[in-house]
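Structural overview for review
The residues making up each chain are set out below.
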Amino acid sequence: MKKNSATALACLMMAAMPTASSAQTQLEKAFKQFIKENKVSTNEIKAKPAGKRKFDNYLSTYTFTLKGKDTQRIQPILDAFSKDENEAYNVIRQTDGDHKGIASLTLTNYPMVIVGEKYDNSTLMCFADPADSTYRYAYAIEWDNDHGSSDNYVKGRLTTSYSVRPTGRRETRNETFGHFSFPSLYFDKKHRGTVYQNIGKLGSLEDINKAKKEFEKSTGWQLEQIDSLVRNGQTLYNIDGRFVSPDEMYGPTWLSQFNSMRRLIEKHPNNNSTSYYVSTIYDLCKHAGRLDADERKLVVDEINRLSQLVSDSFLKKMLAQSAENVRKAKDEKE
């Protein structure tokens, strides 16, 4: 029964995988065969260009883990890349890479996947759509090195995409990347109570510069100012235009930040953004030494109530630890 179920699932995945042009016949065949024979985690995104009705643009990733002798199953895909290489207009290979990225794949001009970021080895090929030269098919395989032990395993990812052919340096050997940090959360439209966290992310310099301009235009702050403030890894809070750490806040200011997070958790107790809100409360509660006894009791009661609203077990534990940190702050102060 399990074998039949696995076969049925593989067939469905192959049916969902879009059919490309004949220029990359070997790659298309090798990708489908690998997906059929191996357990993969699939993420498929479809989109439609502006002015069109069909969602015929796509970007699909298939992550996998191969163990022992199964690591040899990568070879047929590498062979297929070699066979179709002469038809590709763009070929990029990297072995023992530095994880700094070799190309950013886009979907309708929005960056979606950075090839060469997460794995040791990468191969990318792009093929022009013979029916429309403004579009391209992209195929990539990325995988970690096999260190040779009998119980070793290799992780990797396949990526296929059909979308508008990018211009400029994107998807070429001249594309450059860098790490950047942007604020993770705003409280309101005027950016009062903004939380700045030093969360690094790899991106194409083209995307970094665009995001930097949008950030500076919307906030009035230069990104270099923010970066210098959060370089030590501590979260900072924008209080009336002045950046302060949580242990610098007196009771009313501290409670104001806590109350902002409390309201957001009440409104969104089980969203993806809830982890940001809980993490901020956790950070605040590690620096609750300037609260008086009544304020600490009020905060602990509210945290216990919020814990009943969220369903994620890890977030519940973070809230419980937050309450414990506030209680410990009482002992430290008195």
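Since the structure is predicted, the reported quantities are computational estimates derived from the model, not experimental observations.

1. A closer look at the overall build of the protein
Helix and strand counts for the protein stand at 9 helices and 13 strands. Going through the 334 residues of the protein one by one, you find that 46% of them count as buried. Within the protein, contacts between residues at least 6 apart in sequence are counted, and of these 63% link residues at least 24 apart.

2. Here we look at unusual backbone geometry
Trans is the common state for peptide bonds, and a negative phi is the common state for residues other than glycine. The phi torsion at Asp96 lies on the positive side, around 50 degrees, for a residue other than glycine. Among the secondary structure elements, Asp96 is positioned in the loop between strand 3 (90-94) and strand 4 (103-107). Even without a glycine there, the phi angle at His99 is positive, about 65 degrees. Relative to the helices and strands, His99 is located in the loop between strand 3 and strand 4.

3. Section: the pattern of salt bridges
Scanning all chains against the criterion turns up 10 salt bridges. A salt bridge links Glu266 to Arg262, with the nearest nitrogen and oxygen atoms 2.8 Å apart. One end of the pair, Glu266, and the other, Arg262, are both in helix 6 (residues 251-267), 4 residues apart, so they sit about a helical turn from each other. A relative accessible area of 17% places Arg262 in the buried class.

4. A few points about the side chain of Ser104
Looking at the secondary structure, you find Ser104 in strand 4. Side-chain polar atoms of Ser104 contact the side chain of Arg170, separated by 2.8 Å. A distance of 2.4 Å separates the side chain of Ser104 from the side chain of Glu175, its partner in a polar contact. Residue contacts for Ser104: discarding those within four places in its chain leaves Val113, Ile114, Arg170, Glu171, Glu175, Phe177 and Ser204.

5. Re helix 7 (residues 274-285)
A rise of 1.5 Å per residue sets the reference length of helix 7, with its 12 residues, at 16 Å; its end C-alpha atoms lie 17 Å apart and thus fit the reference within 8%. Buried residues of helix 7: Thr274, Tyr277, Val278, Thr280, Ile281, Asp283, Leu284 and Cys285, and no others.

6. Section: helix 2 (residues 25-37)
Note that an α-helix has 3.6 residues per turn; residues three or four places apart therefore point the same way. Spanning 13 residues, helix 2 covers 19 Å between terminal C-alpha atoms, matching the ideal 18 Å at 1.5 Å per step. Along helix 2, the residues that are buried comprise Leu27, Glu28, Ala30, Phe31, Lys32, Phe34 and Ile35.

7. A short note on the sheet that holds strand 2 (residues 57-67)
Within the open sheet, the 6 strands sit side by side as 1-2-8-7-6-3. Their pairing is antiparallel. Each edge of the open sheet is held by one strand with a lone partner, namely strand 1 (40-47) and strand 3. Ignoring strand direction, the axes of neighbouring strands in this sheet form an average angle of 10 degrees. For strand 2 and strand 8 (residues 153-164), the ladder comprises 10 bridges, and the chain directions are antiparallel. Opposite Phe64, over in strand 8, you have Gly156 as the bridge partner. Packed onto the sheet, helix 2 meets strand 1, strand 2, strand 6 (121-129), strand 7 (132-143) and strand 8 and runs at close to 135 degrees relative to strand 8. Against the sheet, helix 3 (residues 75-84) makes contact with strand 3, strand 6, strand 7 and strand 8, and its axis sits at roughly 150 degrees relative to strand 7, the strand it touches most.

8. Details of the confidence of the model for the protein
Low pLDDT means the predicted atomic positions in that stretch should not be read closely. Put simply, the protein has an average pLDDT of 80, and 75% of its residues get 70 or more. Mean pLDDT across the secondary structure elements of the protein bottoms out at helix 1 (residues 2-16), with 40, and peaks at helix 3, with 95. Considering only residues more than four positions removed or in separate chains, one finds that residues 1-16, a stretch of pLDDT under 50, has 9 contacts.

9. Focus on the packing of aromatic side chains
A full pass over the atoms with the stated rule returns 8 aromatic pairs. Where Tyr137 meets Tyr162, the ring centres are 4.6 Å apart and the plane angle is 35 degrees; that geometry is what we call tilted. Note that Tyr137 is positioned in strand 7 and Tyr162 in strand 8, a separation of 25 residues in sequence. In this structure Tyr162 comes out as buried when scored by relative accessible area, which is 11%. Among the aromatic residues, those joined into a cluster by ring pairs are Phe31, Phe81, Phe127 and Tyr139. Taking NZ or CZ as reference, Arg165 lies 3.6 Å from the ring centre of Tyr89, over its face. Arg290 extends its terminal NZ or CZ atom over the ring of Tyr250, reaching a point 4.4 Å from the ring centre.

10. Considering the packing of helix 2 against helix 3
Running from N to C, helix 2 and helix 3 cross one another at 165 degrees; their axes reach a closest spacing of 8 Å. On the basis of their axis angle, the class for helix 2 and helix 3 is roughly antiparallel. The interaxial crossing formed by helix 2 with helix 3 has left-handed handedness. Note on element contacts: helix 3 touches helix 2 through Pro76, Ile77, Ala80, Phe81, Lys83 and Asp84, opposite Thr25, Gln26, Leu27, Ala30, Phe31 and Phe34. Partitioned by chemical class, the residues of the contact of helix 2 with helix 3 number 8 nonpolar, 2 polar and 2 charged.

Calculation rules
Residues numbered from 1 in each chain as written. Predicted model: local features only at pLDDT ≥ 70, side-chain atom pairs only at ≥ 80, totals over all residues. Heavy atoms only, no water. Helix = DSSP H or I, 4+ residues; strand = E, 2+ residues; numbered from the N terminus. Buried < 20%, exposed > 50% of the residue type's maximum accessible area, 1.4 Å probe, protein only. Contact = heavy atoms within 4.5 Å. Salt bridge = Lys/Arg side-chain N within 4 Å of Asp/Glu carboxyl O. Polar contact = N/O pair within 3.5 Å; in protein donor to acceptor, adjacent residues only side chain to side chain. Expected span 1.5 Å × (residues − 1). Pairing = 2+ DSSP bridges. Axes fitted to C-alpha atoms, helices over the stretch in contact; angles between N-to-C directions. pLDDT = per-residue confidence, 0-100. Phe/Tyr/Trp six-rings, centres within 6.5 Å; stacked < 30°, edge-to-face > 60°. Lys NZ or Arg CZ within 6 Å of the ring centre and 35° of its normal. Parallel < 35°, antiparallel > 145°, perpendicular 65-115°, else oblique. Left-handed = near helix turned anticlockwise from the far one by under 90°. Nonpolar A, V, L, I, M, F, W, Y, C, P; charged D, E, K, R; others polar.

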